Amino acid sequence: MKKVITYGTFDLLHKGHIRLLKRAKALGDHLTVCVSTDEFNALKGKKAYTPYADRKYILEAVKYVDEVIPEKNWDQKISDVVDNDIDIFVMGDDWKGKFDFLKDYCEVIYLPRTEGISSTKIKHDLGMQVNAK
Ligand code: C2G
């Protein structure tokens with residue numbers, strides 16, 4: 001069984017996230033998604049609208065996702081890959097090159113991001129509508 005892993009916040013789940021998950025799953029037989037905890041997001045300088053437990057619950061309902069585990073820090077990726085017998089690490093190409101150290105442990109693939117959509121854009125656009133009223 002070929003196992004794939006990917007990481008992210010996955011706040012306000014949108015088409016860009018789903019396309020990433022769909023392409024990641026297509027690379028193997030099992031997809032583990034490592035979702036940033038609220039505490040780790042604070043370290044990343046991100047504030048998710050949806051709390052970790054709900055982002056986990058939503059991702060577990062996505063047909064491409066087989067398992068959801070917490071991302072608590074920047075340093076867990078090697079042990080995640082080894083402990084979960086991962087064959088392929090996948091991220092959007094906004095992260096291109098950042099995780100090449102994992103090539104010693106698994107295949108590393110960066111997939112093109114989906115243009116025109118992001119959680120930040122959604123929050124900004126909604127915020128503009130609210131302010132316009
Ligand atoms: N993504 C995408 N297209 C978009 C938006 C996001 O392909 N329009 C991808 C990102 O490239 C990433 C994944 O979806 O691979 C999750 O995106 P985020 O939730 O923004 O993840 P991020 O906050 O970048 O966290 O340790 C890695 C970090 O946890 C990544």
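In this text, all values refer to a predicted model and were calculated from it rather than measured experimentally. (Residues numbered from 1 in each chain as written. Predicted model: local features only at pLDDT ≥ 70, side-chain atom pairs only at ≥ 80, totals over all residues. Heavy atoms only, no water.)

**Some points on the UniProt feature "domain: Cytidyltransferase-like" (unreviewed entry) in the protein chain**
To keep things clear, this is the line we draw: UniProt positions are given in the numbering used here, feature names are shortened, and annotations may be inferred rather than shown by experiment. Under the scheme used here, helices are H or I runs from DSSP no shorter than 4 residues and strands are E runs no shorter than 2 residues, and both carry numbers assigned from the N terminus.
According to UniProt, the feature "domain: Cytidyltransferase-like" (unreviewed entry) maps to residues 5-124 in the numbering used here. Measuring from the first to the last C-alpha atom of residues 5-124 gives 29 Å, for a span that is 33% helix and 22% strand.

**Structural notes on the site of the ligand**
Spelled out, the test is: Residues are labelled near a given molecule or strand when at least one of their non-hydrogen atoms is within 4 Å of it. Distance and chemistry together define a polar contact, namely a pair of N or O atoms within 3.5 Å, with one atom able to donate a hydrogen and the other to accept it when in protein, and with adjacent residues in sequence counting only for side-chain atoms on both sides. For the accessible areas, the method is Shrake-Rupley and the probe is 1.4 Å, while residue cover comes only from the protein chains on display. Site definitions follow a grid-based scheme: protein atoms alone, a 1 Å grid, a 1.4 Å probe that fits but cannot get out for cavities, and for pockets an open set with protein on both sides within 12 Å along at least five of seven lines, plus lining residues having an atom within 4 Å of a point. To decide whether a molecule occupies a pocket or cavity, check its atoms: if more than half lie within 2 Å of the grid points, it is inside.
Residues in contact with the ligand amount to 21 residues; listed here are only the nearest, Lys46, Glu71, Lys77, Asp94 and Ile117. Separating a nitrogen atom of the ligand from a backbone N or O atom of Thr114 is a distance of 2.8 Å. Burial of the ligand by the surrounding chains reaches 95%, relative to a free accessible area of 640 Å². Placement of the ligand is best described as lying within the largest pocket.

**Examining the environment of Ile69**
Stated formally: Burial here depends on accessible area, computed with a 1.4 Å probe over protein chains only, as a share of the maximum for the residue type. Under 20% is buried, over 50% is exposed, and the range in between is partly exposed. Only heavy atoms matter for contacts: two residues are in contact if any of them lie within 4.5 Å across the pair.
Looking at the secondary structure, you find Ile69 in strand E3 (residues 67-71). Overall, Ile69 belongs to the buried group, its relative accessible area being 14%. Along the backbone, Ile69 and Val90 are 21 residues apart, and their C-alpha atoms lie at a distance of 15 Å. If near-sequence neighbours (up to four positions away) are discounted, Ile69 is found in contact with Thr32, Val33, Cys34, Val35, Tyr52 and Asn84.

**Digging into the layout of surface pockets**
Any space left empty among the atoms is revealed by the rolling of a water-sized probe across them. Our working rule: Grid points are joined across faces, edges and corners, and a volume is the space filled by probe spheres set on the points. Three residue categories are used. Nonpolar comprises Ala, Val, Leu, Ile, Met, Phe, Trp, Tyr, Cys and Pro, charged comprises Asp, Glu, Lys and Arg, and polar comprises the others, including Gly.
Reported here for the largest pocket is a volume of approximately 640 Å³. In terms of lining, the largest pocket is formed by 32 residues, of which the most central are His17, Lys46, Asp94, Trp95 and Arg113. Contributing elements (two or more residues each) for the lining of the largest pocket: strand E1 (3-8), helix H1 (15-26), helix H2 (38-44), strand E4 (88-92) and helix H5 (119-132). Counting residues per element, the lining of the largest pocket draws most heavily on H1, at four residues. Of the residues assigned to the lining of the largest pocket, the class counts are eleven nonpolar, eleven polar and ten charged.

**Thoughts on the environment of Asp80**
Relative to the assigned elements, Asp80 resides in helix H4 (residues 77-83). Residue classification places Asp80 among the buried positions, given a relative accessible area of 10%. Separated by 48 residues in the primary sequence, Asp80 and Thr32 have C-alpha atoms spaced 9.9 Å apart.

**Focus on the sheet that holds strand E2 (residues 30-36)**
To be explicit about the condition: Between any two strands, pairing holds if DSSP finds at least two bridges. For helices, the fitted axis covers only the stretch in contact; all axes are lines through C-alpha atoms, and the angles between them, taken along N-to-C directions, range from 0 to 180 degrees.
Ordered by their spatial adjacency, five strands build an open sheet running E3-E2-E1-E4-E5, and the pairing between neighbours is parallel. Every other strand in the sheet has two partners, leaving E3 and strand E5 (107-111) as the edge strands with one partner each. The mean angle between the axes of side-by-side strands here comes to 25°, regardless of whether they run parallel or antiparallel. Strands in contact with H1 are E1, E2, E4 and E5; relative to E2, the strand with the most contacts, it is inclined by about 140°.

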